[in-house]
Structures are given as structure tokens and as C-alpha cells.
Amino acid sequence: MSCQAWPEPVVRVQALAESGLSSIPSRYVKPRSQRPTNTNDHSDVNMNIPVIDLQSLSSGEDIALREETLQRVAEACREWGFFQVVNHGVSHELMRNARELWREFFDQPYELKEEYANSPNTYEGYGSRLGVSKGAILDWSDYFFLHYMPPSLRNQDKWPTLPLSLRKVISEYGEEVVKLGGRMLELMSRNLGLKEDYLMNAFGGENEIGGCLRVNFYPKCPQPDLTLGLSAHSDPGGMTILLPDDFVSGLQVRKGNHWITVNPLPNAFIINVGDQIQVMSNAIYKSVEHRVIVNSNKDRVSLAFFYNPKSDLLIEPAKELVTKERPALYQPMTYDEYRLYIRVNGPCGKAQVESLTSPIR
């Protein structure tokens, strides 16, 4: 299927928000069943996603504490699919700089940002929609998407030149987050009873993994109860490392029949399992639906780093995790084939990974 152009003129949501409108256009109004409601939203602190301190994994002094940390990661991957990490090794100053510089980018004049306008062919650049269905209900957000890994796809000419230090900070930030992703893959491999380098090798090896950054800008919205910044979906890739806004919460994670608003800790990353690790783990670890709500008073910026398998490798359950009692639950598919679905259809809950389920059980 060809995805060369958007099906209709692209509207920048930030421009809509800044126009002073008091009601949102119908293109952004979600069906009632998809609207954020207070009845199913648990935002109290007791329902936050797990928080895991990674300090013990780098010190190596306390073996019991290290094992406890590993178990907490395993439990979070099985039970939640989401967790926050602190003492993760990435400079707090670098995290702050990255977030602040991207906020400055979105504050630039539109004619400068439009130089980076994207197409659905690669999604690289400045965008305002996912999916190419004409007449689709849209999300209340703009974004900037870029490739970071493998190095052969890293094209700094497609990265913003303003603010002046942004390209340098993207490079530094990407390098540190890729290292963190590699450490998390090792922990997940060990917890699954696989060799420590299993998932990294299944992703193509450290020089061939796919790494993309999507910086999300969620403008303030006059009717936040009618729309979403990002519709419910599970992430199609391997794992996502999210740097959330430091002032305004908006991420919601599905837990059973409830949507739980994540309360980000200062200087923490939010990590979640993607569909590809669900497939590789034969559903021992599960990707989980999440969505983003918007705010009537404040804009939000977040940085989502997608840590993905090499795009042309076949992804399938690890042979070690397939038994007579638990046969392979998914059919093999390359990540290239897999991600075309969300690029064409936009976010669709967990419909995609569930469609892969093998007919033979």
C-alpha cells in the first residue's frame, strides 16, 4: 500500500489551540466510548505504575538487592507492561536540556517548523497525524519524528537547526537512551531465562537495532473531555523509553477495566513493553494499552524513544519459550511489515498484535 501523501491538508493542532477557539473541530471529537471519563480513571497515588530503582544494578555490591531489582522488573513486565526507573544512569541535566530545547522548537514560528513537514512515507519530521484514512477522527497533538538508529538511517539534515544546540543534544540524548535500552534488554532476557544477549541479538545486535525519537507536543485544549492527545494503543515496537513532561501529567495506562493516570517522578523515565517483546516472550511479557489525555490550561511536551528490532528481521517467539504446554502464540513477521499497520491505520488499541495470534494453539 502506498503512503506517499496525507489524504487531506494537514492542520497544526498548536495553531488551532493558539487561535483562541472555544470548542474543538468535530475532526477531534472522539466517540463517547473513547472519551476520557472520570469514572474509570484512577489517578490516586496508590494506583501508580511500579517505580524501580536501578542503582543496585550498577554498584554490584549487594547481590540480594540486585536480585530483588531483577524480580521487580520481571513482575512489572508481566503484570503492568509499564514501570518508572530512577537512578538509571542518564544525566538529569541532559534530560532537562532535551525537554526544554524541544519545547523551544515547538515555540518557533510555523514557517520555520513547516520546513520539516513530514509525509506518511517515513513519518520523519514535523507532523500532526498518524494514519492515512481520509476523514479519520484525529488526536489533539503535533509531533516531531526522527531516526536515530541504526547510524545508516541517522540523517541530521532532517533534524531541526533551531534552537542552535538541539542537534548536539539529540545526539547526546540518543546515545545515552540507547545505552539504557540495551541494559533493559539484558535484564528482560535474564528474567525470561534466556541468555543475557538474547533479545539484543534478536533485535539485530547493538549496531543494527532500530531507534526512533518522537517528540510529542500536546497543546492546551478548550474541551479536554471530548478528545485525546493520543488514542489508545499498544506500542508496535520493542520497548519505549519515555521522558514525560515535568509539570503536567497526561499518560494513562490501562489496568483491567480502568485507566490509571501516571504520576511521573522527577528525573525518571517511563519504560513500557512493546508488541515485539510480547511476541518474542511468547506473551509472558505483555504490551499494554495506553493513551494521553490533554489539559485545558497547559501544553505538554514528552520525548518517546522507540527501541525497535532491525526492520527486516523476522520476529517470532523465542524457541526456548515454546513448549508443548505453551506453543508459539504468534506467527513470524518482520517489524517492517508490522509497523505498516499503524502507519496506515493509526493507533488501534491492541487489535494489531492480537491479529498475529497463531490459529494453532
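Residues numbered from 1 in each chain as written. Predicted model: local features only at pLDDT ≥ 70, side-chain atom pairs only at ≥ 80, totals over all residues. Heavy atoms only, no water.

For the chain, an unreviewed UniProt entry supplies the name Fe2OG dioxygenase domain-containing protein and the organism Arachis hypogaea. Under the UniProt heading Catalytic activity (unreviewed entry), the entry covering the chain gives this text: "jasmonate + 2-oxoglutarate + O2 = (1R,2R)-12-hydroxyjasmonate + succinate + CO2". Here is the UniProt Sequence similarities (unreviewed entry) comment for the chain, exactly as written: "Belongs to the iron/ascorbate-dependent oxidoreductase family." (UniProt positions renumbered as here; feature names shortened; annotations may be inferred.)

What follows deals with the environment of Pro309. Of note, Pro309 is situated in the loop between strand S13 (300-308) and strand S14 (314-315). Residues Pro309 and Asp336 lie 27 residues apart in sequence; the distance between their C-alpha atoms is 9.4 Å. Once you skip the residues sitting within four places of it in the chain, Pro309 turns out to touch Phe203, Gly210, Gly238, Gln276, Met280, Ile315 and Tyr335. (Helix = DSSP H or I, 4+ residues; strand = E, 2+ residues; numbered from the N terminus. Contact = heavy atoms within 4.5 Å.)

Note the cis peptide between Met149 and Pro150, where omega equals -5 degrees. Topologically, Pro150 is positioned in the loop between strand S5 (142-149) and helix H6 (166-191). Geometrically, the link from Leu162 to Pro163 is a cis peptide bond, its omega value of -5 degrees lying close to zero. Here Pro163 shows up in the loop between S5 and H6. Within the chain, Asn267 stands out as a residue other than glycine whose phi angle is a positive 60 degrees. Within the element layout of this structure, Asn267 appears in the loop between strand S10 (258-261) and strand S11 (269-273). With a relative accessible area of 27%, Asn267 lands in the partly exposed category. For Ala283, which is not a glycine, the phi torsion comes out positive at approximately 70 degrees. Tracing the sequence through the fold places Ala283 in the loop between helix H8 (275-280) and strand S12 (290-292). (Buried < 20%, exposed > 50% of the residue type's maximum accessible area, 1.4 Å probe, protein only.)

A cluster of nonpolar residues, Leu112, Leu162 and Leu164, forms a patch on the protein surface that exposes about 280 Å² of accessible area. Mapped onto the fold, Leu162 is located in the loop between S5 and H6. The partly exposed category is assigned to Leu162, whose relative accessible area is 35%. (Patch = residues over 30% accessible without salt bridge, like charges linked within 9 Å, V, L, I, M, F, W, Y side chains within 5 Å. Areas by Shrake-Rupley, 256 points an atom, 1.4 Å probe, with all protein chains shown as cover. Salt bridge = Lys/Arg side-chain N within 4 Å of Asp/Glu carboxyl O.)

The next point concerns the UniProt feature "domain: Fe2OG dioxygenase" (unreviewed entry) in the chain. Per the UniProt entry, the sites bearing "domain: Fe2OG dioxygenase" (unreviewed entry) are residues 208-309 in this numbering. Between the C-alpha atoms that bound residues 208-309 the distance is 8 Å, and the span itself is 6% helix and 43% strand.

On to the confidence of the model for the chain. For the chain, mean pLDDT is 91; residues scoring 70 or higher make up 93% of the total. Confidence over residues 39-45 falls short of pLDDT 50; this stretch has 16 contacts with residues more than four positions distant or in other chains. (pLDDT = per-residue confidence, 0-100.)

Counted according to the given criterion, the structure contains 15 salt bridges. Its salt-bridge partner being Glu8, residue Arg27 comes within 3.3 Å of it at the nearest N-O pair. Residue Arg27 is located in the loop between helix H1 (13-18) and strand S1 (41-42), and its partner Glu8 is located in the segment before H1; the two are separated by 19 residues in the primary sequence. A residue is classified by how much of its surface remains accessible, and Arg27, at 26% relative accessible area, is partly exposed. The shortest N-O distance in the salt bridge between Lys30 and Asp139 comes to 2.6 Å. Within this pair, whereas Lys30 is found in the loop between H1 and S1, its partner Asp139 is found in the loop between strand S4 (125-127) and S5, the two being separated by 109 residues in sequence. For Lys30, a relative accessible area of 2% puts it in the buried group. A network of salt bridges, in which partner residues are shared, links Glu8, Arg27 and Arg129.

This next bit is on helix H3 (residues 63-79). In a regular helix each residue adds 1.5 Å, so 17 residues correspond to 24 Å; H3 covers 24 Å between its end C-alpha atoms and thus fits that length. For H3, the complete set of buried residues consists of Thr69, Leu70, Val73, Ala74, Ala76 and Cys77. Along H3, the residues classed as buried sweep out an arc of 165 degrees about the axis, all on the same side. The opening residue of H3 is Asp62, an N-cap whose side-chain oxygen sits 3.1 Å from the backbone nitrogen of Ala64. (Expected span 1.5 Å × (residues − 1). Arc of directions from axis to C-beta. Polar contact = N/O pair within 3.5 Å; in protein donor to acceptor, adjacent residues only side chain to side chain.)

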